[in-house]
Amino acid sequence: MRALLFTFFICWSTAFFAQPTFGKFDDFMTYVKARNIDQQVNDIKLLRAKKAKVAAIAAIPDLNINVSSNFTNNTQLPVNVFPAEAFGGPEGEVREIQMGVQYNTSFSQLVDLKLLNLEGWQNLKLAKINIEITEADNKQNLKSLYENIASAYYNIVQLNAQLTSTKKNLATADTLVQVAQQKFDQGLAKQQDLNDSKVNRLNLAENVRQIEYLLQQSYLSLKTLGDIPETEVILINEKPEIAPALTRPSILLNDLTYQGALLREQSALGSLKKANQAFAPTLSFVFSNNSNQYNQDFTIFGGNWIPSQYLGFKFNFNLPNAHTISNRANARFDYALAQKSSQEAKVKNDLAHQQLGLDWDKAKSQEKNNAEILDLQRDTYLKNQNLYREGLLGIDRTINSFNGMVNAEYNLITAKVSAQLAQAKIDINNKMLR
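Residues numbered from 1 in each chain as written. Predicted model: local features only at pLDDT ≥ 70, side-chain atom pairs only at ≥ 80, totals over all residues. Heavy atoms only, no water.

Our next topic: the pairing of strand β7 (residues 282-295). In this sheet, β7 lies alongside strand β5 (residues 103-116) in antiparallel orientation, the contact comprising 13 bridges. Within the sheet, the bridge partner assigned to Leu110 lies in β7 and is Ser288. The sheet contact formed by β7 and strand β8 (residues 306-316) spans 11 bridges and is antiparallel. Residue pairing for β8: Asn289 is matched across the bridge by Gln309. (Pairing = 2+ DSSP bridges. Helix = DSSP H or I, 4+ residues; strand = E, 2+ residues; numbered from the N terminus.)

Set out below in structure tokens:
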């Protein structure tokens, strides 16, 4: 029984304290995509655009069915004047005759169906373009989001590596303090030398604490971008490594931004055509069916219903007014601006494509150069440390060479992570195509 309870406790503890751990950026992105709210928002936007297309289709015939009913009490009937001779009276005189019935009940149905509606057809074209714009915008937004997530992710990778490096160098600084202490105790070093070695160690210890604070902030930023709850604990343990690739990877031309601008230009042109077609006539089929009953007594349903019907065609032509003229002018300017935006997007799109390659080349060059510098700085420090032990070199030059080694290691970590980030952005660029 105890063994069973112990096993249950171990399994429960493991499940409770388990946390998602990621050693590769692609694994983390799979985790984020499964819960990302931005993707859900994009789906809603696309659904709304598709519903707008359905509404645009229905607006072409613009079927309008109107059913109405009313009951009227003519409290005072109108009086008309007629020649008296029509009623047997003398010629030249008139007679006042009260017309109508006091109570009137009516029931009517009116159907209006557009047969010619150029503006409606243009609105349908705009709805179709709007779906394409929404799809392009959604992909562009996700691409930007994934790039920001990649930056935040690799910032954590860099900080983790810097933290490990700083803790290792802190142990080295402790060794240097011990050497300085021994020399001071033997009367071979000044108090100033011992103080300088302790200050160096204190600076590194504070660097450890500052990096830990930055890591906490970076995890919060990454959770914000990935819509990860604050209470959910995640761990990034990917290491900065020098990728074996020596040549630049293939970079596909991602023209999401430019294509989105072109679609907006098409939409602006469609809006201009729609504004022009607001002046176009419409032709409609109309049908009316009415039933009326007239009563002298106060009743709604008593009496005989008198039917009447008509059907035909209605031709409608709207004359220009201030509103339609203003809309057409604004649409013309919007189209001109959209054309300029497309030209600008084309230039920026080509530059962004080149920038991806330059970032990769720059990072790989720094990676190789900084690796060589670190080897030299480490060798210099080790030699200077030995010289200091032997009393052939001062503590200031020894600490300077130590700090040079520390900075060189930081620079190599930065270069490695920059190369990994450049590769990740290239992968995102190649995947998020239109």
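Moving on, we get to the side chain of Asn117. Looking at the secondary structure, you find Asn117 in the loop between β5 and α4 (118-185). With residues up to four places along the chain from it excluded, the contact list for Asn117 reads Ala59, Ile60 and Thr282. (Contact = heavy atoms within 4.5 Å.)

What follows deals with the pattern of salt bridges. One pass over the full model with this rule turns up 14 salt bridges. Lys364 is the salt-bridge partner of Glu367, the closest N and O atoms lying 2.8 Å from each other. Highlighted residues: Glu367 and Lys364, both in helix α7 (residues 322-389), separated by three residues, approximately one helical turn. By relative accessible area, which is 14% here, Lys364 ends up buried. Between Asp379 and Lys383 there is a salt bridge, with its nearest N and O atoms 2.6 Å apart. Placement of both Asp379 and Lys383 in helix α7 is noted, with a separation of four residues, approximately one turn of the helix. With relative accessibility at 38%, the residue Asp379 sits in the partly exposed group. Overall, Lys383 belongs to the partly exposed group, its relative accessible area being 46%. (Salt bridge = Lys/Arg side-chain N within 4 Å of Asp/Glu carboxyl O. Buried < 20%, exposed > 50% of the residue type's maximum accessible area, 1.4 Å probe, protein only.)

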